[in-house]
Amino acid sequence: PRRAALRCHASRGAAAPTSAFRRAPLSRALSSRGKRDYYEVLGVQRGASDGEIKKAYRQLAKKHHPDANPGDESATQKFQEASEAYECLSDRE
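Trainee: Before we go on, may I ask you to explain helix α4 (residues 50-64) in this structure?
Mentor: Side chains that are three or four residues apart share a direction in an α-helix, a result of its 3.6 residues per turn. Here α4 is 15 residues long and its end C-alpha atoms lie 21 Å apart, about the 21 Å a rise of 1.5 Å per residue gives. Three or more residues of α4 are buried, namely Ile 53, Ala 56, Tyr 57, Ala 61 and His 64. Buried residues in α4, looked at end-on, bunch into an arc of 130 degrees, giving them a common side. Of the exposed residues in α4, the ones pointing more than 90 degrees away from its buried face are Lys 55, Arg 58, Gln 59, Lys 62 and Lys 63. Elements that come into contact with the buried residues of α4 comprise α3 (38-42) and α5 (73-89).

Trainee: Looking at this model, I keep getting lost on the confidence of the model for the chain. Mind explaining?
Mentor: Detailed reading of the predicted model is not advised wherever pLDDT is low. Here the chain averages 75 in pLDDT, while 60% of its residues score no lower than 70. Mean pLDDT values for the elements of the chain range from 38 in helix α2 (residues 26-32) up to 96 in α4. Low pLDDT (under 50) marks residues 15-32, which in the prediction has 16 contacts with non-local residues, meaning those over four places away or in another chain.

Scoring rules and cut-offs
- Residues numbered from 1 in each chain as written.
- Predicted model: local features only at pLDDT ≥ 70, side-chain atom pairs only at ≥ 80, totals over all residues.
- Heavy atoms only, no water.
- Helix = DSSP H or I, 4+ residues; strand = E, 2+ residues; numbered from the N terminus.
- Expected span 1.5 Å × (residues − 1).
- Buried < 20%, exposed > 50% of the residue type's maximum accessible area, 1.4 Å probe, protein only.
- Arc of directions from axis to C-beta.
- Contact = heavy atoms within 4.5 Å.
- pLDDT = per-residue confidence, 0-100.

Pasting the structure below:
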């Protein structure tokens, strides 16, 4: 949960909580894992409203849902990526 919170803060442009355990800057850590920008994943602009984010997520979730694409690993991966992006961007603190 702590790592997810750090990722969420970075994707929204907010300052991430400081931690004595963090060794590398967060931006380097995210790029080294190959994560894409959450706004890019959902196909919305950075200033998108909660409604726009939700609409984009629902469209992607319906398109890439594993039940709609049985056996398609790329669709499952895209569904999981969209779910992670939506969870992060919709988590307003």
